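Here are the chains, one letter per residue:
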Amino acid sequence: MVLGLVLSFVVGLLVGGLAIHVGASLIVGSSTYGKALMTAAIAWFAWGVVSLFVGWIPLLGPLVGLLVYVGVINVQYEGGWLNAGAIAFVAWLTSLLVLGLLQFLSLGVRIVGVPGV
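Given the structure is predicted, the values throughout are model-derived calculations rather than measurements.

A.B. asks: Explain the packing of aromatic side chains residue by residue, including any values.
C.D. replies: One pass over the full model with this rule turns up 2 aromatic pairs. When the ring of Phe89 is compared with that of Trp92, the centres are 5.9 Å apart and the planes differ by 35°; the resulting orientation is tilted. Taken together, the residues span about one helical turn, with Phe89 and Trp92 both in helix H4 (residues 80-104) at a distance of 3 residues. Accessibility expressed as a relative area gives 48% for Phe89, which makes it partly exposed. When its relative accessible area of 31% is taken as the criterion, Trp92 is described as partly exposed. Directly above the aromatic system of Tyr77 lies the positively charged group of Lys35, at a separation of 4.7 Å from the ring centroid.

A.B. asks: Residues and numbers for a nonpolar patch on the surface, please.
C.D. replies: A cluster of nonpolar side chains, contributed by Val2, Val6, Phe9, Val10, Leu14, Leu18, Tyr33, Trp44, Phe45, Val49, Leu52 and Phe53, occupies part of the molecular surface with about 1100 Å² of accessible area. Of all the elements in the fold, those that place two or more residues in the nonpolar patch are helix H1 (2-27) and helix H2 (33-54). Its place among the elements puts Leu52 in helix H2.

A.B. asks: Let's hear about the packing of H2 against helix H3 (residues 60-76): which residues, and what values?
C.D. replies: It is the contact of H2 with H3, at a shortest axis distance of 9 Å, that shows an interaxial angle of 155°. By the angle between their axes, H2 is roughly antiparallel relative to H3. Here H2 runs over H3; the crossing is right-handed. Seen from H2, the contacting residues are Lys35, Met38, Thr39, Ile42, Ala43, Ala46, Trp47, Val50 and Val54; seen from H3, they are Gly61, Pro62, Val64, Gly65, Leu66, Val68, Tyr69, Val72, Ile73 and Gln76. Along the lines of polarity and charge, the residues of the contact of H2 with H3 split into 14 nonpolar, 4 polar and 1 charged.

A.B. asks: Account for H3, naming residues and giving values.
C.D. replies: The first and last C-alpha atoms of H3 sit 24 Å apart over 17 residues, in line with the 24 Å expected at 1.5 Å per residue. Looking only at H3, the buried set comprises Gly61, Gly65, Tyr69, Val70, Gly71, Val72, Ile73 and Asn74. Buried residues along H3 sit in contact with H1, H2 and H4.

A.B. asks: Could you give an account of the environment of Ile73, with specific residues and numbers?
C.D. replies: Here Ile73 is to be found in helix H3. On a C-alpha basis, the gap between Ile73 and Val28 in space is 12 Å, while along the polypeptide they are 45 residues apart.

A.B. asks: Lay out the nonpolar core in plain terms, naming residues and giving numbers.
C.D. replies: Among the nonpolar cores identified, the biggest contains 17 residues, and Ile20, Tyr69, Ile73, Tyr77 and Ile87 are the most heavily contacted of them. Those elements that place two or more of their residues in this core are H1, H2, H3 and H4. Beyond its immediate stretch of four places on either side in the chain, Tyr77 contacts Ile20, Ala24, Val28, Ser30, Ser31, Thr32, Lys35, Ala36, Thr39 and Ile87.

A.B. asks: For the environment of Ala86, give the residues involved together with the corresponding values.
C.D. replies: Looking at where Ala86 falls in the secondary structure, it is placed in helix H4. Along the sequence, Ala86 and Val28 sit 58 residues apart, while their C-alpha atoms lie 9.6 Å from each other.

What counts and how
- Residues numbered from 1 in each chain as written.
- Predicted model: local features only at pLDDT ≥ 70, side-chain atom pairs only at ≥ 80, totals over all residues.
- Heavy atoms only, no water.
- Phe/Tyr/Trp six-rings, centres within 6.5 Å; stacked < 30°, edge-to-face > 60°.
- Helix = DSSP H or I, 4+ residues; strand = E, 2+ residues; numbered from the N terminus.
- Buried < 20%, exposed > 50% of the residue type's maximum accessible area, 1.4 Å probe, protein only.
- Lys NZ or Arg CZ within 6 Å of the ring centre and 35° of its normal.
- Patch = residues over 30% accessible without salt bridge, like charges linked within 9 Å, V, L, I, M, F, W, Y side chains within 5 Å.
- Areas by Shrake-Rupley, 256 points an atom, 1.4 Å probe, with all protein chains shown as cover.
- Salt bridge = Lys/Arg side-chain N within 4 Å of Asp/Glu carboxyl O.
- Axes fitted to C-alpha atoms, helices over the stretch in contact; angles between N-to-C directions.
- Parallel < 35°, antiparallel > 145°, perpendicular 65-115°, else oblique.
- Left-handed = near helix turned anticlockwise from the far one by under 90°.
- Contact = heavy atoms within 4.5 Å.
- Nonpolar A, V, L, I, M, F, W, Y, C, P; charged D, E, K, R; others polar.
- Expected span 1.5 Å × (residues − 1).
- Core = buried A, V, L, I, M, F, W, Y, C linked by side-chain atoms within 4.5 Å.

Okay, here's the thing in structure tokens:
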């Protein structure tokens, strides 16, 4: 059971990093997978901390979490908040596509590092 959770987390983090990498490559034109993977890990942790403290508040919790997530991307990639938001949106779309493929293959993996997926 624990091995399954760890494996799911690792695969989800790898996919979340890939999604951020795709978004950053399309929006700012440059990204490394390692940087995107680190961004996904930091964003996952930051989202978790925010969810712990304000996640239970309707509307405010998810909005603050999303703001923190985009803020992490903003710190990691150049171009400001608008580009960070666009990277986050592309990462979300990419994650949905990959998650759909993984579910089609019956792998049951959750994506880590991209909120709402």
